[in-house]
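Here is how the chains run, residue by residue.
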Amino acid sequence: METLRIWIEGHFPWMKISTVTMTVTDLIEIIILSFLVYSILVWVKNSRAWTLLKGMLVVGIFVALAYLFKMDTLTFLIERGLSLVIMAAIIIFQPELRRALEQLGEKKFVSALFAVGNSKEVVQRCTDRTVNEIVRATLEMAKVKTGALMVLEANETLEEYERTGIDIDAIVSSQLIINIFEHNTPLHDGAVIIKGDKIRSATCYLPLSENKSLGKDLGTRHRAGVGISEATDSLTIIVSEETGKIALAKKGILTRNVSEVHLREQLVLFQNKSVLNPKKRIAGKTRKERSERNRTV
């Protein structure tokens, strides 16, 4: 054990055990580091990085053995190629790192920091009429087992995916949505992208999810729905062509066998009505109460 301790301290000087008593600052530092390590491990486990990390751990074991048994040639090559390995790891994990940073930016405390001094008002994403039309179209297509894939744009733009399809730029209606996904029509294959109260594009190509936890019974339509929800903050509605079941994908999570009530609830939440100016809501309510009072009189 003494030899191992000397070897570790010789190659990793920062790991030397200090005899200084622990302070409150040290305790806070330990808590922060523990939280960071735990968050990284959870992120790695829930992403494709887990499989790659296991391979890197095997390589790390061989590197440790090379240093332990003083294999000069291998250690020389490792030291010279360490920077290349780090660069390669960043390139390999680029999608996962990007998504992790996006999730960090979505945290409320970060939004609160950058919201200071920002008076820009965020309006609701779509009207109640659009919600009703989407629900009606989804239920009608589910009844006759018409496969459908609808992506609703939230805060992050979907222009990159709109360009892969055919421009529609039409007001959302249940008849139009049903007609687009009707069998043997030119526009039925691919996804429809909805922004606000308009159908922006049809027959769009979406990235497929590589999540290993998704069931083997899921086809390309469901994997594309989950894939776009992993890459953006959009809400995706999926209708299975085989079973007629409705599914929702959001933030990489697929919810299957969705009922009409749950679908409507999620669309109402997606509207983002709660971010409207409270003074406008109160004023609107006051006007409504006045009009009702006048009718009563």
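Here the structure is a predicted model, which means the values were calculated and not measured.

## Digging into the sheet that holds strand β3 (residues 191–195)
Then, number 1: The strand order across the open sheet formed by seven strands is β2-β4-β3-β1-β5-β6-β7, and the pairing between neighbours is mixed. Two strands in the sheet have a free side with no partner beyond their single neighbour: β2 (166–171) and β7 (253–255). Averaged over all pairs of adjacent strands, the angle between their axes in this sheet comes to 20 degrees, without regard to strand direction.
Then, number 2: Sheet topology places strand β6 (residues 246–250) next to β7; three bridges connect them, and they run antiparallel. Each residue of the ladder has a partner; that of leucine 248, found in β7, is threonine 255.
Then, number 3: Against the sheet, helix α11 (residues 260–271) makes contact with β1 (148–152), β5 (235–239), β6 and β7, and its axis sits at roughly 155 degrees relative to β5, the strand it touches most.

## Focus: a nonpolar patch on the surface
Then, number 1: Where nonpolar side chains cluster on the molecular surface, the patch consists of Val58, Ile61, Phe62, Leu65, Leu68, Phe69, Met71, Leu74, Phe76 and Leu77 and spans about 980 Å² of accessible area.
Then, number 2: Listed by contribution, the elements that provide at least two residues to the nonpolar patch are α3 (49–68) and α4 (72–92).
Then, number 3: Here the nonpolar patch takes five residues from α3, the largest share from any one element.
Then, number 4: Looking at the element boundaries, phenylalanine 62 is found in helix α3.

## Details of the pairing of β6
Then, number 1: Within β6, four of the five residues are buried, leaving the element largely enclosed by the surrounding structure.
Then, number 2: Here β5 runs beside β6; their pairing, made up of five bridges, is antiparallel. When the bridges of β6 are listed, isoleucine 238 appears paired with alanine 247.
Then, number 3: Two successive antiparallel strands, β5 and β6, enclose a turn made up of six residues, where glycine 244 displays a positive phi of approximately 80 degrees.
Then, number 4: What sits between β6 and β7 in their antiparallel hairpin is a turn of two residues, with lysine 251 showing a positive phi close to 55 degrees.

## What about the packing of aromatic side chains?
Then, number 1: Inspection of the entire model under this criterion finds zero aromatic pairs.
Then, number 2: Over the ring of phenylalanine 270 we find arginine 125; its NZ or CZ atom is 5.1 Å from the centre of that ring.

## Here we look at empty space enclosed by the protein
Then, number 1: Counting across every chain of the model gives one cavity of 30 Å³ or more.
Then, number 2: Computed from the structure, the largest cavity encloses a volume of approximately 40 Å³.
Then, number 3: Looking at the lining of the largest cavity residue by residue, the class counts come to five nonpolar, two polar and three charged.

## Re the pairing of β1
Then, number 1: Of all five residues in β1, five are buried; the element is thus mostly enclosed.
Then, number 2: Looking at chain direction, β1 and β5 are connected through five bridges and run antiparallel. Paired with leucine 152 across the strands is leucine 235, a residue of β5.
Then, number 3: Bridging between β1 and β3 involves three bridges; their strand directions are parallel. Looking at β3, one finds that valine 151 is bridged to isoleucine 193.

## Some thoughts on the side chain of threonine 146
Then, number 1: Looking at the secondary structure, you find threonine 146 in the loop between α7 (128–143) and β1.
Then, number 2: For threonine 146, a relative accessible area of 3% gives the class buried.
Then, number 3: Discounting chain neighbours no more than four positions away, the residues touching threonine 146 are Met141, Phe181, Glu182, His183 and Val239.

## Concerning the environment of serine 174
Then, number 1: As for its placement among the helices and strands, serine 174 is situated in helix α9 (residues 174–180).
Then, number 2: For the pair serine 174 and glutamate 140, spaced 34 residues apart in sequence, the C-alpha separation works out to 8.7 Å.
Then, number 3: Residue contacts for serine 174: discarding those within four places in its chain leaves Glu133, Arg136 and Ala137.
Then, number 4: At 3.2 Å, the side chain of serine 174 forms a polar contact with the side chain of glutamine 175.

Cut-off values and rules
- Per-chain numbering applies: the sequence of each chain, read as written, is numbered from 1 onward.
- A pLDDT threshold of at least 70 governs which residues receive local features in this predicted model, and a stricter bar of 80 or more applies before side-chain atom pairs are shown or counted, although totals over entire chains, interfaces and linings include all residues.
- Side-chain numbers come from the whole structure's heavy atoms, not from hydrogens or water.
- Any two strands are treated as partners once DSSP identifies two or more bridges connecting them.
- Going along the chain from the N terminus, every DSSP run of H or I of four or more residues is numbered as a helix, and every run of E of two or more is numbered as a strand.
- To obtain an axis, a line is fitted to C-alpha atoms, over the contacting stretch when the element is a helix, and the angle between two such axes runs from 0 to 180 degrees between their N-to-C directions.
- Every residue pair with non-hydrogen atoms within 4.5 Å of one another is taken to be in contact.
- Without a salt bridge and with relative accessible area above 30%, a residue can belong to a patch; like charges are then joined within 9 Å and nonpolar side chains (Val, Leu, Ile, Met, Phe, Trp, Tyr) within 5 Å.
- Only the protein chains shown count as covering a residue, and every accessible area follows the Shrake-Rupley method with a 1.4 Å probe.
- Definition used for salt bridges: Asp or Glu carboxyl oxygen within 4 Å of a side-chain nitrogen of Lys or Arg.
- Buried means the residue's accessible area, taken with a 1.4 Å probe over protein chains only, is under 20% of the maximum for its type, while exposed means over 50%, and partly exposed covers the values in between.
- Working definition: a ring pair exists when centres of Phe, Tyr or Trp rings (six-membered ring for Trp) sit within 6.5 Å. Plane angles under 30 degrees give stacked, over 60 give edge-to-face, the rest tilted.
- Two conditions define a charge sitting above a ring: the NZ of Lys or the CZ of Arg must be within 6 Å of the ring centre, and it must be within 35 degrees of the ring normal.
- Method remark: on a 1 Å grid restricted to protein atoms, a set of points is classed as a cavity if a 1.4 Å probe fits but cannot get out and as a pocket if it is open with protein on both sides within 12 Å along at least five of seven lines; lining residues have an atom within 4 Å of a point.
- Grid points are joined across faces, edges and corners, and a volume is the space filled by probe spheres set on the points.
- The classification used treats Ala, Val, Leu, Ile, Met, Phe, Trp, Tyr, Cys and Pro as nonpolar, Asp, Glu, Lys and Arg as charged, and all other residues, Gly among them, as polar.
- N or O atoms within 3.5 Å of each other form a polar contact, as long as, within protein, one can give a hydrogen and the other can take it, and as long as residues adjacent in sequence are counted only when both atoms are side-chain atoms.

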